[in-house]
Amino acid sequence: MSPAGAHPVVVVGGGPAGMAAARAAAAAGAAVLLVDSGAALGGQYHRQNSLHGGREFTLPAGVEHLAESQVWALEPVPGGHRLHIRTGPADSPERAGRTVDTAALVLATGAYDRALPFPGWDLPGVFTAGAAQALAKGQGVAVGERVVLAGTGPFLLPVAESLIAVGSRVAAILEAGDPVTGWLAAPGGVVAGRRRLAELARYTALLARRRIPYHHRSTVIETHGTGRVEAVTVARLDARWRVLPGSERRVAADAVCVGFGFTPQLELAVAARCALAGGFVAVDIAQATSVPGVYAAGELTGIGGAELAAAEGELAGAAAAARLLGARLPAPVRALRRVREGRRFAAALERAYPVRDGWRTWPRDDTVVCRCEEVTCGELRRAVAERDAVGVRSVKLVSRAGLGLCQGRVCGRAVAELAGLDDPGAAFARRPIAAPVRLGELAEAPPDEPAEPSPGPQQHPTRLEREQP
Amino acid sequence: MRVRIDGVAVLAEPGRTVAGLLLAQGRNAWRTTREGGRPRGVFCGIGVCYDCLVVVNGVPDVRACQRLVCDGDDIRTQHGAELPS
Ligand SMILES: Cc1cc2nc3c(=O)[nH]c(=O)nc-3n(C[C@H](O)[C@H](O)[C@H](O)COP(=O)(O)OP(=O)(O)OC[C@H]3O[C@@H](n4cnc5c(N)ncnc54)[C@H](O)[C@@H]3O)c2cc1C
Ligand code: FES
């Protein structure tokens, strides 16, 4: 690689963390390239209504914003990392390819909803809570007329608010966990979460005004309908989230939104060989990962909301710029304090909303677990029990779970837990191709990422066109 | 903008995603799976799950939630694994 100064700080992700990183790096005097797959800046929290143009956020001079650009592979090169990027309309074979080298990389790829399998979760009309939020905020579209929200964590509340704003009726909000007195009562949680308390009060008022039932220790355990959701079965749960027999009740609904927290978008960090801890990217106080020249910020490093993501982004951007310019910069004291407070709040949140292992009793033998390859829970259990599949690779090859186009993003964690794999949060995070690209697009030099031993054709979905049997 | 959905002409505003357009038309499924022929539509909404695949201008496996509609687009339901036409 040529001298570091010739390359910009590269930020991947245009959410709160990535935007803050780009601003901080530019403020420190570095040239910045921000790559984001969205058409407009904002990421998830600041998603803009794309019908209104999406020009709410601006970046300072010195930041080049590559929109509609997917980093589909990342490889270490001497002195830094090389990113392979495709720019243009999503999944179009006409996207333009580009590679960029950098000695200072900030990963801010965010997270996506964690979903748990249950009978009928693959019926049209079942959405993740984030999908409902993204469609309401970004498109002004309601996912249904009569919607049941189920899952765990405070994110269900803003989703209910957005659904109401686009004209849905929220039939019920079902929180699988227990009432949250814990973190609100803890002094640290209250101090760090004081801004969020006002938000919480707003949601509580909204629920009361609209008479929306909010139940703890309850969830949707099945959907019903021909070709689309027409009704759901809701049930009460015990402390471990097993269904309380006799508590099942049928509720009419044309949409269900489920969200059991979030899963970090890890593949680029894993490709860069960053160390993980507890299923997230491990970082130090300056947001540096275990790999020199690679920083991580936002929900990739822990789930703590947009404010924490932005504060981490500011630290990461400043640190990346300092590394690239070889400069010593004043410590960003305020951002450091916001990160400290935010992490305390995030830790309290995590303690308050754990996912209990009783969910493993929800899927039946014929419940699809891997949505892409249509692998049922029974098939997965048989693969583990009868064919001795241990370890991620053999579970994948024997059961085919996690081998589809999403590469186990949706089912990986659930499959790992059902199959009893170690470190279920990270078991499926290795994806040498971060996003499927078209066969024709691969004509450009592929990254020399060592392949997994004897990859099957489905294991590297490098083509959206699937191989015909 | 004018586009076609399974051959029927439809008007679309700039900034619409294919998924936003289909849902606004009252459809919530526009693909069938390869093995079971099961109907699918949007699940994750943010480009992660690859459930919302659709054929755009003869190219299959386009994520409807990520693709912005362009004037003249020909959008079609995807049946199982399709080859580009
Ligand atoms: C669908 C969804 C909706 C949400 N809505 C809300 C909400 O309304 N309110 C709330 O409080 N919290 C919301 N959250 C929680 C949210 O995750 C955070 O609070 C916040 O957005 C995290 O910021 P971030 O910068 O870490 O990541 P994000 O905001 O997720 O930004 C990450 C960005 O990186 C991009 N990216 C990822 N991988 C690549 C790649 N390989 N190449 C190019 N670009 C890439 C993504 O497209 C995205 O734009 C939502 C989460 C999800 C999943
Ligand atoms: S809905 Fe998941 S990729 Fe479009």
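Relevant structure appears above.
Let me begin by describing the structure that accompanies this report. (Residues numbered from 1 in each chain as written. Chains lettered and ligands numbered in written order. Predicted model: local features only at pLDDT ≥ 70, side-chain atom pairs only at ≥ 80, totals over all residues. Heavy atoms only, no water.)

Overview of the side chain of N28 of chain B
Phase 1: Within the secondary structure, N28 of chain B sits in the loop between α1 (18–24) and β3 (31–32).
Phase 2: Once you skip the residues sitting within four places of it in the chain, N28 of chain B turns out to touch P124, G125 and R228 of chain A together with L23, R40, G41 and V42 of chain B. (Helix = DSSP H or I, 4+ residues; strand = E, 2+ residues; numbered from the N terminus. Contact = heavy atoms within 4.5 Å.)

Structural notes on the interface of chain A and chain B
Phase 1: Taken together, the contacts link 47 residues of chain A with 40 residues of chain B.
Phase 2: Taken together, the two surfaces of chain A and chain B that pack against each other cover about 3,600 Å², and 55% of this comes from carbon and sulfur.
Phase 3: Here chain A is connected to chain B by 6 salt bridges.
Phase 4: Across the pair R38 of chain B and D122 of chain A runs a salt bridge, and its minimum N-O distance is 3.8 Å. (Buried area = accessible area lost by both parts, 1.4 Å probe. Salt bridge = Lys/Arg side-chain N within 4 Å of Asp/Glu carboxyl O.)

Structural notes on the pairing of strand β1 (residues 2–5) of chain B
All names here are of chain B.
Phase 1: Burial along β1 is one-sided: the residues V3 and I5 are buried and none of R2 and R4 is.
Phase 2: By the bridge criterion, 4 bridges tie β1 to strand β2 (residues 8–11) in an arrangement that is antiparallel. The residue of β2 that forms the bridge with V3 is V10.
Phase 3: Taking the residues between adjacent antiparallel strands as the criterion, β1 and β2 are bridged by 2 residues, where D6 takes a positive phi near 45°.
Phase 4: Sheet topology note: the β1/strand β7 (residues 74–76) ladder contains 2 bridges and is parallel. Bridge pairing in β7 links R4 to D74. (Buried < 20%, exposed > 50% of the residue type's maximum accessible area, 1.4 Å probe, protein only. Pairing = 2+ DSSP bridges.)

Brief notes about helix α1 (residues 16–27) of chain A
Residue and element names in this part refer to chain A.
Phase 1: For α1, spanning 12 residues, the distance from its first C-alpha to its last is 16 Å, which sits close to the expected 16 Å at 1.5 Å a residue.
Phase 2: Summarising burial for α1: 10 of the 12 residues are buried, a large majority.
Phase 3: All of the buried residues along α1 are P16, A17, G18, M19, A20, A21, A22, A24, A25 and A26.
Phase 4: Tucked inside the fold, the buried residues of α1 contact β1 (9–12), β2 (32–35), β3 (63–66), β7 (105–107) and α8 (306–325).
Phase 5: In the segment just after α1, G29 is the residue with positive phi, at about 105°. (Expected span 1.5 Å × (residues − 1).)

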